[in-house]
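Chain by chain, the residues:
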Amino acid sequence: MKTILIAGCTGFIGQNLIKKLIDDNIIIGIDNLYSSSLKSIESYREHKNFRFINASIIHLPLIEPNIDVIYNLACPASPPVYQKDPIFTLDTNYIGTKNMLELAKNKSAVLIQASTSEVYGDPIVHPQKEDYFGNVNPIGVRSCYDEGKRVAETLCYEYRKIYNVNTRIIRIFNTYGPGMIYNDGRVVSNFIVNTIMGKSLIIYGNRNKTRSFCYIDDMINALVKVMEIDFDSPINLGNDTEISLINLAKLIIDKYGENKIEFIDSVPDDPKIRKPDISRAKEILNWNPTIQIPEGIEKTFNYFKEVL
Ligand SMILES: NC(=O)c1ccc[n+]([C@@H]2O[C@H](COP(=O)([O-])OP(=O)(O)OC[C@H]3O[C@@H](n4cnc5c(N)ncnc54)[C@H](O)[C@@H]3O)[C@@H](O)[C@H]2O)c1
């Protein structure tokens, strides 16, 4: 049994990670509820293995127990939310990650840092391998997130090199599934919620825009493996099946509705294509996503039907 601290525990990935780990580990969850609510962890509040701390990682309180593993998931993750207060997003990624690293150093804990495919920006290399440096605008509307996550990676790299902290960086690509917040502006939730509400499905930018979507259960399996296996340079985690947004919209409408698809001008710096090269994850973690889009969408649709 390990003691595991999950920062960002009430968010989409955090709540699913708690579900997976809580029966066999002690979980200390931290969240300032910036983009989530306590409702997502309601069912764990009385669990003997769970303790919740309502705090920002920017102003981390004293954490008394020994910690074996830290997952740093704390950061607003959808564009409308992280753009609401860009300085907060930057502080979370720099000061917050630094606080997490200091904690890992003091407790001799493993630190798993949730980075993102956004470190590749609007990629020129396709698919994206971990050794691609990316194409990121340092002064655009997405920069607080993209550059914040990049500097957080640099901090992890330096703490590993200088202080021997056991840091593991994972670059998460678009992930979806039950637990997503219905109105936080991500593609899959937007499409499904609009389908249920009888509204048009909106695509920003051109018809060829693509993404690669990973179902949450696959991602959680990878996060658990990352806890067990040491590696020193970043690993991409995502599903490498690429789909155009128009085909995703059609797949949802064909099955669940008769909604229209509308095209709206692209938002600045929005990546046009996105697909992870996951050979490193396959080799080092022996991990491969198994749930493909039709099955994942069905589970997510049923979840939203219930939530709405
Ligand atoms: N879901 C994805 O597709 C995806 C893709 C790439 C990277 N990621 C990364 O994975 C992590 C989790 O993503 P998610 O989808 O669960 O996002 P989310 O927005 O659902 O959850 C993030 C959580 O962090 C909390 N938080 C934000 N700032 C904080 C702070 N300063 N102190 C404490 N808590 C804070 C929020 O309240 C929220 O509960 C994030 O770091 C995100 O950048 C997610």
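Residues numbered from 1 in each chain as written. Predicted model: local features only at pLDDT ≥ 70, side-chain atom pairs only at ≥ 80, totals over all residues.

S.K.: Help me understand the packing of helix α3 (residues 86–107) against helix α4 (residues 143–163) in this model?
M.R.: In a pair of packed helices, the angle between the axes and the distance between the axes together describe the arrangement. Interaxial distance between α3 and α4 falls to 9 Å at its minimum, and their mutual angle equals 15 degrees. The angle between α3 and α4 places the two elements in the roughly parallel class. As α3 packs across α4, the resulting crossing turns out to be right-handed. Where α3 abuts α4, its residues P86, T89, L90, N93, Y94, T97, K98, L101 and K105 lie against C144, Y145, G148, K149, V151, A152, L155, C156, Y159 and Y163. (Axes fitted to C-alpha atoms, helices over the stretch in contact; angles between N-to-C directions. Helix = DSSP H or I, 4+ residues; strand = E, 2+ residues; numbered from the N terminus. Parallel < 35°, antiparallel > 145°, perpendicular 65-115°, else oblique. Left-handed = near helix turned anticlockwise from the far one by under 90°. Contact = placed C-beta atoms within 7 Å.)

S.K.: How do you make sense of the pairing of strand β8 (residues 201–204) when you look at a structure like this?
M.R.: Two faces belong to every sheet, and in a regular strand the side chains alternate between them. Burial along β8 is one-sided: L201 and I203 are buried, and none of I202 and Y204, which face the opposite way, are. Relative to strand β13 (residues 261–264), β8 is paired through four bridges, and the arrangement is parallel. Counted as the bridge partner of Y204 is I264 from β13. (Buried ≥ 20, exposed ≤ 12 C-beta atoms within 10 Å, placed from the backbone. Pairing = 2+ DSSP bridges.)

S.K.: Looking at this model, I keep getting lost on α4. Mind explaining?
M.R.: The terminal C-alpha atoms of α4 lie 28 Å apart, and with 21 residues this matches the ideal 30 Å at 1.5 Å per residue to within 8%. For α4, the full list of buried residues reads S143, C144, Y145, D146, E147, G148, K149, R150, A152, E153, C156 and Y159. Check the buried side of α4 and you find it contacts α2 (79–82), α3, β5 (110–116) and β6 (167–172). Positive backbone phi, at 65 degrees, marks N164, one or two positions downstream of α4. (Expected span 1.5 Å × (residues − 1).)

S.K.: Looking at this structure, how should I read helix α6 (residues 216–228)?
M.R.: In an α-helix there are 3.6 residues to a turn, and that puts residues three or four apart on one side. Counted at 1.5 Å a residue, the expected span for α6 with its 13 residues is 18 Å, and the 19 Å between its end C-alpha atoms agrees. Residues of α6 that are buried include every one of I216, D218, M219, A222, L223 and V226, and no others. The buried side chains of α6 occupy one side of the element, clustering within an arc of 155 degrees when seen end-on. (Arc of directions from axis to C-beta.)

S.K.: I tried to follow the environment of S115 on my own but got confused; where do I start?
M.R.: Tracing the backbone shows S115 in strand β5. Taking the C-alpha atoms as reference points, S115 and G148, 33 residues apart in sequence, are found 9.5 Å from one another. Filtering out sequence-adjacent residues up to four positions away, S115 remains in contact with K149, A152, E153, I169, I170, R171 and P234.

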